[in-house]
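# Chain and residue survey
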Amino acid sequence: MSVSFRYTNSILVEIYIDMRNEFIILSILAAVALGLLGFFVSTTWWWVLLLASPVILLALYDAFQTKHAILRNFPILGRSRYLAEWLRPKLYQYFIESDTDGKPFSRIDRNIIYQRAKKELDTTPFGTQLNIYDEGYEWMEHSIAALDHHDIEPNPRVTVGGKDCLQPYKASLFNVSAMSFGSLSKNAVMALNGGASIGKFAHNTGEGGISKYHDKHNGDLIYQIGTGYFGCRAKDGNFSPELFKQRTAKANVKMIEIKLSQGAKPGHGGILPAKKVTQEIAEIRNIEAGKDVLSPPYHKAFKTPMELVHFIKQCRDLSGGKPIGFKLCIGQKVEFVALCKAMVETGIRPDFIAIDGAEGGTGAAPVEFSNSVGMPYREALSFAYNALIGFGIKKEIKLIAAGKIVSGFDIFRAISLGADFTYSARAMMMAVGCIQALECNSNTCPTGVATQNEELMKGLVVEDKKHRVANYHKETIKSFIELMAAAGIDDPDQINRRHMHRRISSVNSRCYDKLYPYITEGSLLQKESIPRDWREMMAMATSASFRPKFEQVYIEED
Ligand SMILES: Cc1cc2nc3c(=O)[nH]c(=O)nc-3n(C[C@H](O)[C@H](O)[C@H](O)COP(=O)(O)O)c2cc1C
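A quick note: this is a predicted structure, and the numbers were derived from the prediction, not measured. (Residues numbered from 1 in each chain as written. Predicted model: local features only at pLDDT ≥ 70, side-chain atom pairs only at ≥ 80, totals over all residues.)

## Let's talk about the overall build of the protein
If you tally the helices and strands in the protein, you get 19 helices and 17 strands. Dimensions of the protein, computed from the C-alpha atoms along their principal axes, are close to 100 × 60 × 55 Å. Within the protein, the proportion of its 558 residues that are buried is 43%. (Helix = DSSP H or I, 4+ residues; strand = E, 2+ residues; numbered from the N terminus. Buried ≥ 20, exposed ≤ 12 C-beta atoms within 10 Å, placed from the backbone.)

## Some details on helix α13 (residues 377-390)
Between its terminal C-alpha atoms α13 stretches 19 Å, which fits the 20 Å expected from 14 residues at 1.5 Å a residue. Along α13, 12 of the 14 residues are buried, which leaves the element largely enclosed by surrounding structure. Buried within α13 we find Tyr377, Arg378, Ala380, Leu381, Ser382, Phe383, Ala384, Tyr385, Asn386, Ala387, Leu388 and Gly390. Immediately downstream of α13, the backbone of Gly392 shows phi near 70°, a positive value. (Expected span 1.5 Å × (residues − 1).)

## Looking at the sheet that holds strand β3 (residues 138-140)
Spatial strand order, β3-β16-β17: three strands in an open sheet with antiparallel pairing. Of all strands in the sheet, those bounded by a partner on one side alone are β3 and β17 (509-511). Across the sheet, the mean angle separating the axes of adjacent strands is 25° when strand polarity is ignored. Judged from the three bridges that link them, β3 and strand β16 (residues 500-503) form a sheet pairing that is antiparallel. Along β16, the bridge assignment pairs Glu138 with Arg502. (Pairing = 2+ DSSP bridges. Axes fitted to C-alpha atoms, helices over the stretch in contact; angles between N-to-C directions.)

## A look at the domain arrangement of the protein
Partitioning the protein into domains gives domain 1 (2-80) and domain 2 (140-515). Between domain 1 and domain 2, the C-alpha centre-to-centre distance is 54 Å. (Domains from an automatic or database assignment.)

## Digging into the nonpolar core
With 125 residues, the main nonpolar core has Ile355, Leu381, Ala384, Ile400, Ala401 and Val432 as its most contacted residues. At nine residues, helix α17 (residues 462-486) tops the list of elements feeding residues into this core. (Core = buried A, V, L, I, M, F, W, Y, C linked by C-beta atoms within 7 Å.)

## Focus on helix α4 (residues 79-96)
Here α4 is 18 residues long and its end C-alpha atoms lie 24 Å apart, about the 26 Å a rise of 1.5 Å per residue gives. Helix geometry: α4 is bent most strongly at Leu87, by close to 40°, with proline Pro89 lying one to four residues after it. Within α4, only zero of the 18 residues are buried, leaving the element largely exposed. (Bend = angle between axes of the 7 residues up to and from the residue.)

## Some remarks on the environment of Glu307
Here Glu307 lies in helix α10 (residues 305-318). The exposure class of Glu307 is partly exposed, given the 17 C-beta atoms found within 10 Å.

## So, the pairing of strand β9 (residues 253-259)
The buried fraction of β9 is high, at seven of seven residues. Note that strand β8 (residues 220-225) and β9 share five bridges and pair parallel. Directly across from Gln224, in β9, lies its bridge partner Glu257. Note on the crossover from β8 through helix α8 (residues 241-248) to β9: the handedness is right-handed. In the sheet, β9 pairs with strand β12 (residues 324-328) via four bridges, with the strands oriented parallel. (Right-handed = clockwise from strand over helix to strand, strands pointing away.)

## Focus on the packing of helix α14 (residues 408-417) against α17
Packing of α14 against α17 leaves a shortest axis separation of 7 Å and a crossing angle of 60°. What the angle tells us is that α14 and α17 run oblique. You can see that α14 and α17 cross each other, and the crossing is right-handed. When α14 is examined against α17, the residues Gly408, Phe409, Ile411 and Phe412 are found in contact with a partner set consisting of Thr476, Ser479, Phe480, Glu482 and Leu483. Of the residues assigned to the contact of α14 with α17, the class counts are five nonpolar, three polar and one charged. (Parallel < 35°, antiparallel > 145°, perpendicular 65-115°, else oblique. Left-handed = near helix turned anticlockwise from the far one by under 90°. Contact = placed C-beta atoms within 7 Å. Nonpolar A, V, L, I, M, F, W, Y, C, P; charged D, E, K, R; others polar.)

## Re the pairing of β12
Counting buried residues in β12 gives five out of five residues, a clear majority hidden from the surface. Burial along β12 is two-sided: the residues Ile324, Phe326 and Leu328 and Gly325 and Lys327 are all buried. Bridge count between β12 and strand β13 (residues 352-356): four bridges; the pairing is parallel. Following the sheet pairing, Gly325 is matched in β13 by Phe352. In this fold, β12 hands off to helix α11 (residues 333-346), which returns the chain to β13; that crossover is right-handed.

## Digging into the confidence of the model for the protein
When the pLDDT values of the protein are averaged, the result is 92; 95% of them are 70 or greater. Overall, residues 1-16 carries pLDDT values under 50, and its contacts beyond four positions in sequence, including any with other chains, amount to 10 contacts. (pLDDT = per-residue confidence, 0-100.)

Dropping the structure here:
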């Protein structure tokens, strides 16, 4: 075996071990030697050869395959790298990760969810583990005139439904965000829906349609339609009004959400490969079994802001007047302004808008999209709230926030920025047993939550986990109510940006109303009152197109 040491002028020492040829020669020699020993000495050596032959064959396979350089150079030994990579996140999570640095959810967050779901002790000893002088640390104001939380309505509801809605829905402050059957197992879907039914909150179907697992426990549903229109998809892949009418007539469908985009992969479509289109999935989604299905990154039912608001009206009429809204991760602010203009010009309003932050989760997404596309929810939510206030239409439209909402404090913060209520996806997954193994995209989820493997999903017992979902919801709302009481507030409507603070350096902090300034109600309706920051966007936005009118922008100096 040749070993060469090459010293560089830095402290770096490169060790290069050329094992490949030696391994091939040794493997062949070992096989021949064992064969000869068996022939001349004892047949026992043939047994040894039999036992050793898988290892020898594997070594030869590694050495001659052309795909993996490490295996070609270090046959067999190179495989330890795959083992180490597989073990790394597990060892990290259990032995190395601190309480505050787990990603995307810290151990502190995960523990809150597990303890509340199991109704275990959820208090903490000895004080905070957060470094409260770190930039980005946030806190809320309490009051000397705090209230007794027992005197506050324990489960506040928000009525969703504007002037054209005939069947308003009273939503909880905390609901299950969109996750389809297909990305989640049937057991996970049933447990989430069972929890929603016990706790009287809503369960969003995700864009994969309504399955029998969504119906089993009769929990309230928000039926989501994406660009694939699953469940209400005509044969040519377009939106089918007849099928939509049938689906939304179901009594458990309380609201309908048109998905424009999601935070983890905004602007990215998807393809469901033929092998995943089983008979069951095909029936739920109204597609043909065994064939690839495309979800384009854009909707075919509308192309402009004007067409979108008319589509909202069409959906509301077809559903018998149920609340209709849309979900998006904000990209270009001007597009949202264009949508508001279309609402003002037509008088048609969505009943709700869900703002998903770029920090949101997914079953699978390209890493560039997850890491670098879309606006985080705090900026997006405060902007969307301001736009609706500026156009004077906020009172008719409820805002839902999503983006790593786990605790009562997270709900308080979202409401302070302008949300009326919230969604949670991954925290709800953890309530049904997810351990953040980060395997949602490989069908190997060890807890049976995000997999279609029947054996793995047997680990998730619906009858037990549905109570955990309900417990987690109940305890989180309770903690939110206690925070409101500490702030001297008895109604979520009284929460505003003045209640929240963020540290912007080790010696300075800012109140949220300075970081996310409010806008005057109705100020975007007259040219003279448009705030300076909004003038460019207002000039560029048109209800006739999502594309801004760059050529018409002329901003007068103050
Ligand atoms: C497994 C999984 C599947 C999802 N599927 C959908 C979907 O079908 N439609 C959608 O709009 N969002 C989907 N999302 C995004 C969530 O609904 C939510 O907007 C996002 O994860 C932010 O919430 P969170 O931070 O509480 O997870 C999915 C998320 C996860 C984790």
